[in-house]
Amino acid sequence: MGGEQEKWILMVTARTPTNIAVIKYWGKRDETLILPINDSISVTLDPSHLCTTTTVSVSPTFDQDRMWLNGKEISLQGGRFQSCLREIRARAQDVEDKKKGVYIKKEDWQKLHLHIASYNNFPTAAGLASSAAGLACLGSACRSLYGGFVKWDMGKEDNGSDSLAIQLADEKHWEELVIIIAVVSARQKETSSTSGMRDTVETSALIQHRAKEVVPKRVVQMEDAIQKRDFPSFARLACTDSNQFHAVCLDTYPPIFYMNDTSHRQDYQLCREMESCRGNTSGPNAVMIARNRQTAALLLQRLLYNFPPQSDTDLDSYIIGDKSILKDAGIKDMKDVEALTPPPEVKDNIPPAQKSKGDVSYFICTRPGGGPVVLSDETQALLDPLTGLP
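Residues numbered from 1 in each chain as written. Predicted model: local features only at pLDDT ≥ 70, side-chain atom pairs only at ≥ 80, totals over all residues. Heavy atoms only, no water.

With respect to the overall build of the protein chain
The helix and strand inventory of the protein chain stands at 10 helices and 19 strands. The buried share of the protein chain, taken over its 390 residues, is 51%. Intrachain contacts of the protein chain at a sequence separation of at least 6 include 76% that bridge at least 24 residues. Here the protein chain displays about 18600 Å² of accessible surface, and carbon together with sulfur accounts for 50% of that area. (Helix = DSSP H or I, 4+ residues; strand = E, 2+ residues; numbered from the N terminus. Buried < 20%, exposed > 50% of the residue type's maximum accessible area, 1.4 Å probe, protein only. Contact = heavy atoms within 4.5 Å. Areas by Shrake-Rupley, 256 points an atom, 1.4 Å probe, with all protein chains shown as cover.)

Here's what the structure looks like:
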């Protein structure tokens, strides 16, 4: 190592998208290596709407590894973080920064500590693959390492060497799809995915049948539907897989409930719209995938009719992400929301007091997006280049 009085700090910042499963991974065959018991397929979401930004800094002046998530320092003592850090150090290569006169040899990484700051612009641990996005920035999670449509091959090897992410198609392949996410709750899940999977594998009689008999066939069918842009097949497979995932959660002891009453009511509305389908999340937030912008506009009208914001809510903060869908839906302000007519299945107008005001915190409109990128603009870093602190 080198540098003026060994007080240098090197930093890098990356932006990584989140993803939504359409064939769900649930259960691990190896808890330490985080190897799944089944293949899975996901859609990477546009990082301009949902992403994790992570800055990693290294310096000989740091006396311990530290991490901040959304501005709050968190412990790195957990096994998952420690495994990730060990793998980073093991894989790290020689690094040279000629401008600062710094040269880090491969063997030096074992003696250096890291400062990490990560920021999610979406609810953390609420079922929207925040861990996948955050860890993809560090290098240990494969689910968000590619854009478009991604398959996680579970692999067969005990060491996980063949458990890999495979891009099935990039984000341009089926770019007319629109994803609408209803953020029902931004709170962390009562049952984390890690503990939920462990309980399911240990207690559910259905999980092995799902992993061995059902999912392998669905994965092949879903790959075919994606390649052909066959939305009816895509929707059927995504919805039935989501149904089975929640059935497996109910078959777990004690049972796991990720959907709440609002989630179920949104699901009912979704099932009425034949050109939309449900994404697969382990949380209460409902994910809806529309065939195209026209369908998305109709779906958004329906959602806003049944789940309007509170009267004092700013519409601009109630619909985030791709706000142009509002224009397609013919909605400019709250007056347009209040003037929405009932969907065809509603025979009578629902009195305002009976509508589900306040049950949804906000909606996110997005689309398939690209994979991770390194941010060269130093102003986007989350750590101070002089101190290595937020």
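After that view, the rundown keeps rolling.
Considerations on the sheet that holds strand β13 (residues 164-169)
Backbone hydrogen bonds hold the strands of a sheet together, and the pairing may be parallel or antiparallel. Spatial strand order, β2-β5-β12-β13: four strands in an open sheet with antiparallel pairing. Since the sheet does not close on itself, it has two edges, and those belong to β2 (19-23) and β13, each with one partner. Neighbour to neighbour, the strand axes of the sheet diverge by 30° on average, direction disregarded. By the bridge criterion, four bridges tie β2 to strand β5 (residues 40-44) in an arrangement that is antiparallel. Among the inter-strand pairings, Ile-20 is bridged to a residue of β5, identified as Val-43. (Pairing = 2+ DSSP bridges. Axes fitted to C-alpha atoms, helices over the stretch in contact; angles between N-to-C directions.)

Quick look at the pattern of salt bridges
Charged atoms that come close allow side chains of opposite charge to pair. In the structure shown here, the tally under the stated rule is 15 salt bridges. Residues Asp-224 and Lys-228 are paired through a salt bridge, measuring 3.3 Å at the closest nitrogen-oxygen approach. Placement of both Asp-224 and Lys-228 in helix α4 (residues 207-228) is noted, with a separation of four residues, approximately one turn of the helix. Residue classification places Lys-228 among the exposed residues on the basis of a relative accessible area of 58%. Here the salt bridges do not stand alone but share partners, grouping Asp-46, Arg-293, Asp-322, Asp-328 and Arg-367 into one network. (Salt bridge = Lys/Arg side-chain N within 4 Å of Asp/Glu carboxyl O.)

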